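# Structural description and commentary
This is what each chain is made of:
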Amino acid sequence: VVDAFHDLCSHIYSHENHYSVVLIILIQTFPSLLNMCILFLLFFSFLISAPSVSHVQMWNNSRTHVVFHWERLSDHHIMEVEPPTGVIEMNECCDLELALTGGEPGSHSLRLDCRIEHHDEPVTLVVQAAFKGPRVCINIPSLDLGLLRLGDHAKSTVHITNTSHLAASWALQEVPDRRQELSREVSQISVEPCRGLLPPLGGCNVDVVFRPSVCQRFHTILELAVDRGCGCHLSVQANVQLPQVCLLSCELVFSELYVGVPARGTVRLFNQTLLPASFCWGELQGPQASLCSATFSPSAGTLGPSAEAEISVEFTANTDVRPVRTPSKGLPHQDP
């Protein structure tokens, strides 16, 4: 009988809904009060801090009346029987109520003793109980802040919801990786508000702000922790860049130069990033730069993401010169 009852409880536990099982306790004593037969397995699945009541029947199959007294459990969880004391006549039953309030989430095995008068050993009621705390979830599984220029910041809003019928105390913060712990880096992510208390079935908006400190492909995890409950995680990622422009060829060779006669050639600029990049040409450099001149068309402009631009160069030597160098500068953060 006990095995069959245990199988029934296991089936009930596999479902999400809350169940309680009517418990029947059979007490059989003889005049000597030495033997007792008891069915004592019970199963619950309930929310923590939410009192639940199940009906219990105690049958006296002995040849005399019995006096019983139920103890009370109050360590972490609260379990008590009403009425806690009473008398059951021979071949009679007593209707009881078992009240149970969970204090910690998870599966627990609880024991409650019932003292029988003139019997040394108590009757032990074993309750297999599964308690669930509040559950808070975020409206999106991941947050992509997209492409950012170093020096800018990104802000996005997410919504968190308490899906349970219990108040939920929550906190949302970054999960530091091992490298951050060793270097003690300041987090580039901030959350406002970062903690709070949600009423049952309530929700609120939370701002996630990213202030990058270096160029990087950023990825981190935000953990939503719920006191005595179930939270979740939010993946956050971003791509941080600076404009970066290069010459596809860093040398322009004129095979024949005549003093005072302009020579013409072309070079190509390439934007190495996904950000728009502004550029402008500077002055000639080199020990003989004052003895020659150069013009560029266009002399300034903007390159789109991963774009190329052809630049026309007109170079004039006023005397025999050695090679000179002309820098092209990206604005505002690009070295020549």
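Look a little higher up for the structure.
Residues numbered from 1 in each chain as written. Predicted model: local features only at pLDDT ≥ 70, side-chain atom pairs only at ≥ 80, totals over all residues. Heavy atoms only, no water.

### With respect to the pairing of strand β8 (residues 106-116)
Of the pairings in the sheet, the one linking strand β4 (residues 66-70) to β8 comprises three bridges and is antiparallel in character. Paired with tryptophan 70 across the bridge in β8 is cysteine 114. When β8 meets strand β9 (residues 123-132), the two strands line up antiparallel, connected through nine bridges. Along β9, the bridge assignment pairs leucine 110 with valine 127. Remark: six residues form the turn of the hairpin made by β8 and β9, two consecutive strands paired antiparallel; histidine 118 in that turn has positive phi of roughly 70 degrees. (Pairing = 2+ DSSP bridges. Helix = DSSP H or I, 4+ residues; strand = E, 2+ residues; numbered from the N terminus.)

### Digging into the environment of cysteine 93
If you trace the backbone, cysteine 93 turns up in strand β7 (residues 93-101). Given the relative accessible area of 32%, cysteine 93 is considered partly exposed. Each C-alpha atom, one on cysteine 93 and one on methionine 58, is 5.3 Å from the other, the two residues being 35 residues apart in sequence. (Buried < 20%, exposed > 50% of the residue type's maximum accessible area, 1.4 Å probe, protein only.)

### A closer look at the sheet that holds strand β19 (residues 245-247)
The sheet built from four strands is open, its strands ordered β19-β20-β24-β22 with antiparallel pairing. One side of each edge strand has no neighbouring strand; the edge strands of this open sheet are β19 and β22 (292-297). On average, each strand axis in the sheet is inclined to that of its neighbour by 30 degrees, with strand direction left out of account. Direction of pairing for strand β20 (residues 263-271) relative to strand β24 (residues 308-317): antiparallel, over a ladder of eight bridges. Each residue of the ladder has a partner; that of glycine 265, found in β24, is valine 313. (Axes fitted to C-alpha atoms, helices over the stretch in contact; angles between N-to-C directions.)

### Quick notes on the packing of aromatic side chains
Under the definition given, this model contains three aromatic pairs. For the pair phenylalanine 210 and phenylalanine 218, a centre-to-centre distance of 4.4 Å together with 25 degrees between the ring planes defines the contact as stacked. For the pair phenylalanine 210 and phenylalanine 218, one class covers both residues: buried. A centroid spacing of 4.4 Å and a plane angle of 0 degrees characterise the contact between tryptophan 281 and phenylalanine 296, whose relative ring orientation is stacked. Of the two residues, tryptophan 281 sits in strand β21 (residues 277-281) while phenylalanine 296 sits in strand β22, which places them 15 residues apart along the sequence. (Phe/Tyr/Trp six-rings, centres within 6.5 Å; stacked < 30°, edge-to-face > 60°.)

### Focus on the side chain of glutamine 188
Here glutamine 188 is to be found in the loop between α2 (178-183) and β14 (189-192). Polar side-chain contacts of glutamine 188 include one of 2.9 Å to the side chain of glutamine 216. When near neighbours in sequence (up to four residues on either side) are disregarded, glutamine 188 contacts Val209, Phe210, Arg211, Pro212, Ser213, Val214, Gln216 and Phe218. (Polar contact = N/O pair within 3.5 Å; in protein donor to acceptor, adjacent residues only side chain to side chain. Contact = heavy atoms within 4.5 Å.)

### Here's the deal with the pattern of salt bridges
A complete count under the given rule lists six salt bridges for this structure. The residue glutamate 308 makes a salt bridge to arginine 268 at a minimum N-O spacing of 3.0 Å. Highlighted residues: glutamate 308 in strand β24 and arginine 268 in strand β20, separated in sequence by 40 residues. Judged by its relative accessible area of 34%, arginine 268 falls in the partly exposed class. Because the salt bridges share partners, they merge into one network encompassing Arg268, Glu308 and Glu310. (Salt bridge = Lys/Arg side-chain N within 4 Å of Asp/Glu carboxyl O.)

### What to know about the environment of alanine 168
For alanine 168, the location among the structural elements is in strand β13 (residues 168-174). On the basis of relative accessible area, alanine 168 is assigned to the buried category, the value being 0%. For the pair alanine 168 and aspartate 227, spaced 59 residues apart in the sequence, the C-alpha separation amounts to 6.9 Å.

### Topic: the sheet that holds β13
Within the open sheet, the five strands sit side by side as β11-β18-β17-β13-β15. Their pairing is mixed. Each edge of the open sheet is held by one strand with a lone partner, namely β11 (142-149) and β15 (195-198). Strand-to-strand, the axes of this sheet are offset by a mean angle of 20 degrees, without reference to chain direction. Note that strand β17 (residues 216-226) and strand β18 (residues 232-241) share nine bridges and pair antiparallel.

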